[in-house]
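Structural overview
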Amino acid sequence: MKLLVKNIGRIVGIESTGRLRVCGAEMDRLECFDDAWLLVDNDRFAAYGRMDELGEIAADQVVDAEEGMLFPSFCDSHTHLVYAGSREQEFLDKINGLSYEEIARRGGGILNSADLLHETSEDELYAQAMERVREITAMGTGCVEIKSGYGLSTGDELKMLRVIRRIRETSPLEVRATFLGAHAVARAYRGRQGEYVDLICNEMLPAVAAEGLADFVDVFCDEGFFTVEETARILRVGRKLGLRGKIHANELAVSGGVQVGVEYDALSVDHLERMGAAEIEALHGAVTMPTLLPGAAFFLGMSYPPAREMIGAGLGVALASDYNPGSSPSGNMRMVVSLASIRMKMTPAEAINAATLNGAYAMGLSRDYGSITLGKVANFFITKPMSSVEFFSYAYQTPLIRRVFLKGGEVFGMA
Ligand SMILES: [Zn+2]
C-alpha cells in the first residue's frame, strides 16, 4: 500500500540524523522542507522531495495537502485518560472557594475517582475512555501513554490496565501502559501507608507483570504522597519484573523524586513545577527525560516549571498533557504547545520538538515515532495553509489540523 501526499507547503519536524531526543540549544531547531511531496510505503515514511521534481510515482492513494503543512503526530507521554465520570462539581466547588478538604468530602480527589471507578464496569470504562481517545486522535496525537492509578486495589488496577490494553488493540494510536498503583494510598489503607506499599510490591506488581499489562511503573513521589525510600523500593521491584520507571516528581515540593528517578534510570520524571539547581544538575547527562505538564499548572493556577533554565542548562525536555479528571481535563497537545510558549517562554520550535520527538523518547518510542524520518511509522497530520510554523502556536484556538494519518491510514478528516 503506497500513499502519496502532494502539494505540501512545508514538511515540519524532519529528523535526518537519527537522534532519539534533542537537548539544549538543539531544541530550537526544526528541520523543514518546503514545496514537497511525501511517500508512505507499508505504513512507513519512504521518501520525500520537491514538487517540481516529482516524477511518476505509482501510488494506491493520492492526497492533496493543498499547500498546508505536514507535522509529525504529537507523542503525549503522560496521561490518565482512563477514568470514570468527571469532576466538574469539584471545579465548581473550587470556583466557589471551597478548601481541598471540603472538596474531598463532596466527592473530589483521587480517592473519589477510585470509588467511582470501582463501581464502573470494564466495558463502560472502555467506552468512556474511547471517547477521549477519539478526541485526542482528531487533535493530532499519534502516540499516548496511559496510566492506571484510579484503582488502588489489585483487582481495580488490573481492570484499568486491561482497559488500556483494549484501547491499544482497538484504536489507531500507539499506546504505552503505565502501572501507577502508587498514585495515592487507598482508602482502606489510611494510616497504614507502609502496608499499602507492601501490597504494591508483593501483590500488584507481580500480578501486572504476569499478565504483561504494563510497560512502565510510576510513583507519585511528593510531599504528602510517597517517600523517596518507598519510591526506590517500588522502582527496584518494577525493574526486576522488567518495568522501567516514570516518576511524578516535584509538583508540590522539592521531593527528591528527580534524584531517585535518575538513580534508577527512570525513562522520565514528570511535573517538575518545583526545581532547584540540584535537580537540574542531577538530570545532566542522565537517560531520564524531564517532562513538563503546563496544562495542569494552567488548570490549577500553579506556578510553571522552569523550562528556560532547564533548556539553558543543556537539558532536553518533553511536553505532555496530563489528561486527567482532576487537574487537567484536556488532552489537547496543541494547547500544551501554545501554553509552553505563552507561560514558559519556550519557542514554538522547542515546544514542537518537546511534544513530538522528546515525547516519543519519554515512552521509549523515538526509534519509530516522533519525527518525519524515512523508515519511521507514518504518523502525521496536515494543517490548513499557514504563514509560518509559529502561526500554529500563536493562533492557538483556530482549528488548523485538517487531516490526520496514523500508521499510514487516514483516521480523521475535517470537511
Ligand atoms: Zn499525572
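Just so we're clear, the structure is a prediction, and the values are computed from it rather than from any experiment.

Glancing now at the overall build of the protein chain. Secondary structure assignment for the protein chain yields 15 helices and 16 strands. Relative to its length of 415 residues, the protein chain is compact, with a C-alpha radius of gyration of 21 Å against a globular reference of 22 Å. The C-alpha extent of the protein chain, read off along each of the three principal axes, is 70 × 45 × 45 Å. Relative to its full complement of 415 residues, the protein chain shows a buried share of 59%.

The subject of this paragraph is the UniProt feature "binding site: 4-imidazolone-5-propanoate" (unreviewed entry) in the protein chain. Those residues carrying the UniProt feature "binding site: 4-imidazolone-5-propanoate" (unreviewed entry) are Arg-87, Tyr-150, His-183, Glu-251 and Ser-327 in this numbering. As for its placement among the helices and strands, Glu-251 is situated in the loop between strand 10 (244-249) and helix 8 (257-263). If we skip the residues at most four places from it in the chain, Glu-251 touches Phe-220, Asp-222, His-271, Glu-273, Arg-274, Leu-300 and Met-302. As for its position among the elements, Ser-327 is in the loop between strand 13 (318-319) and helix 12 (333-344).

A few words on the environment of Val-254. Considering the arrangement of structural elements, one finds Val-254 in the loop between strand 10 and helix 8. A relative accessible area of 53% means that Val-254 is categorised as exposed. Remark: the alpha-carbon pair of Val-254 and Glu-223, spanning 31 residues in sequence, is separated by 8.3 Å. Not counting residues up to four positions away in its chain, the partners in contact with Val-254 are Arg-274 and Glu-279.

This next bit is on the state of the cysteines. Under the counting rule described, the total for this entry stands at zero disulfides. Cys-75 provides the cysteine sulfur closest to Cys-23, a residue in no disulfide bond, and the two sulfurs are 16 Å apart. When its relative accessible area of 26% is taken as the criterion, Cys-23 is described as partly exposed. Cys-201 provides the cysteine sulfur closest to Cys-221, a residue in no disulfide bond, and the two sulfurs are 14 Å apart. Relative accessible area serves as the criterion here: at 0%, Cys-221 is assigned to the buried category.

Looking at the assigned domains, one finds that the protein chain contains domain 1 (2-72 + 373-413) and domain 2 (74-361). If you look at the interface, domain 1 gives 32 residues, while domain 2 gives 36 residues. Taken together, the two surfaces of domain 1 and domain 2 that pack against each other cover about 2700 Å², and 63% of this comes from carbon and sulfur. The interface formed by domain 1 and domain 2 includes one salt bridge. A salt bridge links Glu-174 to Lys-407; the nearest nitrogen and oxygen atoms lie 2.8 Å apart. At the junction of domain 1 and domain 2, the tally comes to 13 residue pairs in polar contact (both at pLDDT 80 or more). Contributions of two or more residues to the side of domain 1 that touches domain 2 are made by strand 5 (69-72), helix 15 (389-394), strand 15 (401-406) and strand 16 (409-413). Top contributing element to the side of domain 1 that touches domain 2 by residue count: helix 15, with four residues. Split by residue class, the side of domain 1 that touches domain 2 holds 19 nonpolar, four polar and nine charged.

Here we take up helix 4 (residues 122-138). The terminal C-alpha atoms of helix 4 lie 24 Å apart, and with 17 residues this matches the ideal 24 Å at 1.5 Å per residue to within 8%. By the burial criterion, the buried members of helix 4 are Leu-125, Tyr-126, Ala-129, Met-130, Arg-132, Val-133, Ile-136 and Thr-137. Elements in contact with the buried residues of helix 4: helix 3 (109-119), strand 7 (141-147), helix 5 (154-170), strand 15 and strand 16. Just downstream of helix 4 lies Gly-140, where phi reads positive at about 100°.

Each value, and the rule that gives it
- Residues numbered from 1 in each chain as written.
- Predicted model: local features only at pLDDT ≥ 70, side-chain atom pairs only at ≥ 80, totals over all residues.
- Heavy atoms only, no water.
- Helix = DSSP H or I, 4+ residues; strand = E, 2+ residues; numbered from the N terminus.
- Rg over C-alpha atoms; globule rule 2.2 N^0.38 Å.
- Buried < 20%, exposed > 50% of the residue type's maximum accessible area, 1.4 Å probe, protein only.
- UniProt positions renumbered as here; feature names shortened; annotations may be inferred.
- Contact = heavy atoms within 4.5 Å.
- Disulfide = S-S within 2.5 Å.
- Domains from an automatic or database assignment.
- Buried area = accessible area lost by both parts, 1.4 Å probe.
- Salt bridge = Lys/Arg side-chain N within 4 Å of Asp/Glu carboxyl O.
- Polar contact = N/O pair within 3.5 Å; in protein donor to acceptor, adjacent residues only side chain to side chain.
- Nonpolar A, V, L, I, M, F, W, Y, C, P; charged D, E, K, R; others polar.
- Expected span 1.5 Å × (residues − 1).

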